[in-house]
Amino acid sequence: MRVRKRKWVEPFLQNEQTYLLRSREQLQEAIAGKQAYIEIGCGHGEFLCVMGKEHPDLVYIGFEKDRICVARAIRKAMENELSNVYFINGLAERSEDILGDTKFDGMYLQFSDPWPKSKHYARRLTYRSFLQSYARVLKPEAFLYFKTDNLNLFEFTLEELAFSVFVPQRVSRDFHQEIGSHIMTAYETKFSSQGMPIYHILCGIDPQSQQPDVPRTSGTPEILRNKEAIPAALQSQDRVTIA
């Protein structure tokens, strides 16, 4: 669905001085030595605002390229009078000028565009080149928290993680049934109400992990293309480990 323009958005963002981070200096001032977590594609900021309210001693920063979404997220933070939630209007992998050498304590990547066509696999936010860029802005002890309603993206992500420093610590094919209550995004609330399973991966980082330089040739997960080509353990429907 195409998002319609809102006349109030541009003046609002141009005048915003508190929640919208535009420089490295603003970012450092916002973090101020505290633990800081980022969300890639934060949408209207529902998840970050709840997290910020529940954990006032932590800092949360959302990246969102859509200006209408960013404006609405900022208004939500304002309405909740949050002083630990901030936003960057742009793509994380293209925000080097703002990020500099800043390292974060964790990253949330939830319900990103699955880019279902096989030829578009390199656009998926868990493609190996994106994972490498995420690793550069995370501390060695940080985590990567991933959720999706799309099975293909879930399987694709598991395969791509093998080409990164990220190591799955918890994997679930039905997050709500297997793990339990948590803070939900707007998309997750919608999908769950329709009875759709939510797929989840929680990763740690292994700095010693080798990243094989092997190009991907197809966007279709190997588990769906050739089940005999991967270990039996990965073919099982029981791909659930609870940390």
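Cut-offs and rules
- Residues numbered from 1 in each chain as written.
- Predicted model: local features only at pLDDT ≥ 70, side-chain atom pairs only at ≥ 80, totals over all residues.
- Heavy atoms only, no water.
- Helix = DSSP H or I, 4+ residues; strand = E, 2+ residues; numbered from the N terminus.
- Buried < 20%, exposed > 50% of the residue type's maximum accessible area, 1.4 Å probe, protein only.
- Contact = heavy atoms within 4.5 Å.
- Areas by Shrake-Rupley, 256 points an atom, 1.4 Å probe, with all protein chains shown as cover.
- Polar contact = N/O pair within 3.5 Å; in protein donor to acceptor, adjacent residues only side chain to side chain.
- 1 Å grid on protein atoms, 1.4 Å probe; cavity = no way out; pocket = protein on both sides within 12 Å on 5 of 7 lines; lining within 4 Å.
- Points joined across faces, edges and corners; volume = space filled by probe spheres on them.
- Nonpolar A, V, L, I, M, F, W, Y, C, P; charged D, E, K, R; others polar.
- Core = buried A, V, L, I, M, F, W, Y, C linked by side-chain atoms within 4.5 Å.
- Arc of directions from axis to C-beta.
- Right-handed = clockwise from strand over helix to strand, strands pointing away.

Caption draft 1: Highlighting the overall build of the chain. Per the secondary structure count, the chain includes 11 helices and seven strands. For the chain, the residues scored as buried account for 47% of the 243 residues in total. In the chain, the proportion of contacts linking residues at least 24 apart, taken out of those at least 6 apart, comes to 77%. Total accessible area on the chain stands at roughly 13000 Å², and carbon and sulfur atoms take up 50% of it.

Caption draft 2: Inspection of the side chain of Arg170 at higher detail. Its location among the elements puts Arg170 in strand β6 (residues 166–172). A polar atom in the side chain of Arg170 sits 3.1 Å from the side chain of His200.

Caption draft 3: Empty space enclosed by the protein, seen in detail. For the structure shown, the criterion picks out one cavity of 30 Å³ or more. Taken as a whole, the largest cavity holds about 30 Å³ of empty space. Taken together, Thr126, Leu144, Phe146, Thr157, Leu161, Ile201 and Cys203 make up the lining of the largest cavity. Of the residues belonging to the lining of the largest cavity, the class tally is five nonpolar, two polar and no charged.

Caption draft 4: Quick look at the nonpolar core. Core analysis: the largest hydrophobic core is formed by 40 residues, its most contacted members being Ile61, Phe104 and Phe166. Per-element accounting of this core gives the leading share, five residues, to helix α7 (residues 151–161). If we skip the residues at most four places from it in the chain, Phe104 touches Leu27, Ile31, Ala36, Ile38, Ile61, Leu99, Val137, Leu138, Lys139 and Ala142. Formed by 30 residues, the second largest nonpolar core is a distinct cluster that contains Leu13, Met51, Leu82 and Phe191.

Caption draft 5: Here's a closer look at helix α2 (residues 24–31). All of the buried residues along α2 are Leu27, Ala30 and Ile31. Taken end-on, α2 shows its buried residues confined to a sector of 95°, consistent with a single buried face. Those residues of α2 that are exposed and angled more than 90 degrees off the buried face are Glu25 and Glu29. Buried residues in α2 make contact with β1 (36–40), β2 (59–64), β3 (85–89), α5 (96–99) and β4 (104–110). Trailing α2 by a residue or two, Ala32 shows a phi angle of about 50°, which is positive.

Caption draft 6: Focus on the pairing of β2. Burial analysis of β2 places six of its six residues in the buried class, the great majority of the element. Note on the crossover from β1 through helix α3 (residues 46–54) to β2: the handedness is right-handed. Remark: the β2/helix α4 (residues 67–79)/β3 crossover connection has right-handed handedness.

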